Amino acid sequence: MNLDHIALLKQGLTTWNRERHQLGPHPDLTYVQLPGMDLRGFELQGVDLHYANLNGANLAGIDLRDADIRRASLQGADLSQTNHSKNDLSYASLSEANLRYANLNGTLLSGTTLFKANLRGAQLNEANLSRCDLRLADLRDAALHGVILQDASLIRAQLSHFDLEELNLYHIKVYGIDLHERDLHALDLRKVRWLRANLNRADLHAACLDEADLRRSDLRGANLKGASLKGTDLREVKLNEADLSGADLSGASLESADLRGAYISWFWLYEASLRGLELHKVKFDRQPFSDESV
């Protein structure tokens, strides 16, 4: 924390913008307490704001490139149309912040809290959102090409109009996601937690869903040909009329799943849990397992 730098900022927009070049490329505003302050128009590019308290502040339209915002608190702040390109916002608190149309391309948001944040139309291409809390966040119309979502939580997030093929979805947590009739073939969906997902008639052929948690999801009519579902939790899943030909369910849990009318050929069930299943209602054309293996 540099008290002189903070004092200059508090003198207002005109004084700060006129004299900030004298402070070097990275003015030190660490730990600054500016909740609710109107910072529109301030030149904050390259500023060190880590651990700053900017809750409820108005930074709309600000250029924040090269700024250090690690572990800063910006809850409820207005960051709409701000430029954070390639910034480090890791472990910052942005709950309920307004980030509509913000430029977050290439930004590090690892461990950041974006609970209920408004990210509608934001640019998040190549951003790292691993371990990010995106519960109830609004990501509609956001650009997500190449974004990393490993271990992120998107429970009840709004995710319309996005391309799953562009995302790294490994180990993400989503509750109630609607992906009916979506093309998900050959995607790496290992360890995703998609409880109560709507995957009705989705194309998942050749997808990898190993160790995924799909409990109580709707997979009626889904195409799972050749999919890998090793160790997948499919308890109480609706798989009516699904095509599971060639799918590998070694070690999967299918307890109380509904497989009525499902098509199964070369359906590997080694060490799978089948309690509560009515296999006589499944369409087998060949049975590659013995009674002892089931």
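Values in this document were obtained by computation on a predicted structure and should not be read as measured data.

Calculation notes
- Residues numbered from 1 in each chain as written.
- Predicted model: local features only at pLDDT ≥ 70, side-chain atom pairs only at ≥ 80, totals over all residues.
- Heavy atoms only, no water.
- Patch = residues over 30% accessible without salt bridge, like charges linked within 9 Å, V, L, I, M, F, W, Y side chains within 5 Å.
- Areas by Shrake-Rupley, 256 points an atom, 1.4 Å probe, with all protein chains shown as cover.
- Salt bridge = Lys/Arg side-chain N within 4 Å of Asp/Glu carboxyl O.
- Helix = DSSP H or I, 4+ residues; strand = E, 2+ residues; numbered from the N terminus.
- Buried < 20%, exposed > 50% of the residue type's maximum accessible area, 1.4 Å probe, protein only.
- Core = buried A, V, L, I, M, F, W, Y, C linked by side-chain atoms within 4.5 Å.
- Contact = heavy atoms within 4.5 Å.
- Arc of directions from axis to C-beta.
- Polar contact = N/O pair within 3.5 Å; in protein donor to acceptor, adjacent residues only side chain to side chain.
- pLDDT = per-residue confidence, 0-100.
- Phe/Tyr/Trp six-rings, centres within 6.5 Å; stacked < 30°, edge-to-face > 60°.
- Lys NZ or Arg CZ within 6 Å of the ring centre and 35° of its normal.

### A few points about a nonpolar patch on the surface
Next, step 1: Nonpolar side chains collect at one region of the surface, where Met 1, Leu 3, Tyr 31 and Tyr 51 lie side by side and expose about 450 Å² of accessible area between them.
Next, step 2: Turning to its location among the elements, Met 1 is positioned in the segment before helix H1 (3-10).
Next, step 3: For Met 1, a relative accessible area of 51% gives the class exposed.

### Here we look at the nonpolar core
Next, step 1: One finds Leu 124, Leu 154 and Trp 194 to be the most contacted residues of the largest nonpolar core, which totals 87 residues.
Next, step 2: Ranked by residues supplied to this core, first place goes to H1 with 3 residues.
Next, step 3: Setting aside anything within four residues of it in sequence, one finds Trp 194 in contact with Ile 172, Val 174, Ile 177, Leu 179, Leu 184, Leu 189, Leu 199, Asp 213, Leu 214 and Ser 217.

### Quick word on H1
Because each turn of an α-helix spans 3.6 residues, side chains separated by three or four positions end up pointing in the same direction.
Next, step 1: Among the residues of H1, those classed as buried are His 5, Ile 6, Leu 8 and Leu 9. Considered in projection along H1, the buried side chains sweep an arc of 160° and stay on one side of the axis. Opposite the buried face of H1, at more than 90 degrees from it, the exposed residues are Leu 3, Asp 4 and Lys 10.
Next, step 2: On the buried face of H1, the contacting elements are helix H2 (13-19).
Next, step 3: In this structure Asn 2 caps H1, since a side-chain oxygen of it lies 3.0 Å from the backbone nitrogen of Asp 4.
Next, step 4: Just past H1, the residue Gly 12 takes up positive phi, approximately 110°.

### Focus on the pattern of salt bridges
Next, step 1: By the definition in use, this model includes 15 salt bridges.
Next, step 2: Measuring nitrogen to oxygen at the nearest pair gives 2.7 Å for the salt bridge that ties Arg 40 to Asp 38.
Next, step 3: Among the salt bridges present, the one from Asp 63 reaches Arg 65, with a minimum N-O distance of 2.7 Å.
Next, step 4: Judged by relative accessible area, Asp 63 falls into the partly exposed class, the value being 25%.
Next, step 5: One network of salt bridges, in which partners are shared, links Asp 213, Arg 215, Asp 233 and Arg 235.

### Describing the side chain of Thr 107
Next, step 1: Within the secondary structure, Thr 107 is located in the loop between H2 and strand E1 (173-175).
Next, step 2: From its side chain, Thr 107 meets the backbone oxygen of His 84 in a polar contact 2.9 Å long.
Next, step 3: Once residues lying within four places of it in the same chain are set aside, the contact partners of Thr 107 are His 84, Ser 85, Lys 86, Asn 87, Leu 89, Ala 127 and Asn 128.

### Some remarks on the confidence of the model for the protein chain
Next, step 1: Looking at the protein chain as a whole, the pLDDT averages 88, with 87% of positions reaching at least 70.
Next, step 2: Averaged pLDDT values over the elements of the protein chain bottom out at 64 in strand E4 (residues 283-284) and peak at 94 in H2.
Next, step 3: Scored below 50 in pLDDT, residues 288-294 shows 8 contacts in the model against residues more than four places distant or in partner chains.

### Some details on the side chain of Thr 232
Next, step 1: Inspection of the secondary structure assignment puts Thr 232 in the loop between strand E2 (193-195) and strand E3 (263-264).
Next, step 2: One polar contact links the side chain of Thr 232 to the main-chain carbonyl oxygen of Leu 209, over a distance of 2.6 Å.
Next, step 3: The contact partners of Thr 232, leaving out residues within four places of it in the chain, are Leu 209, Asp 210, Glu 211, Ala 212, Leu 214, Ala 252 and Ser 253.

### Looking at the environment of Ala 7
Next, step 1: Mapped onto the secondary structure, Ala 7 falls in helix H1.
Next, step 2: C-alpha of Ala 7 to C-alpha of Leu 29: the two residues are 22 residues apart in sequence and 9.8 Å apart in space.

### Topic: the packing of aromatic side chains
Next, step 1: Taken as a whole and judged by the stated rule, the model has 1 aromatic pair.
Next, step 2: Measuring from ring centre to ring centre gives 5.0 Å for Tyr 31 and Tyr 51, while their planes differ by 0°; the resulting arrangement is stacked. Of this pair, Tyr 31 sits in the loop between H2 and E1 while Tyr 51 sits in the loop between H2 and E1, and the two are 20 residues apart along the sequence.
Next, step 3: The cationic tip of Arg 71 hangs over the ring face of Tyr 91; the distance from NZ or CZ to the ring centre is 4.7 Å.

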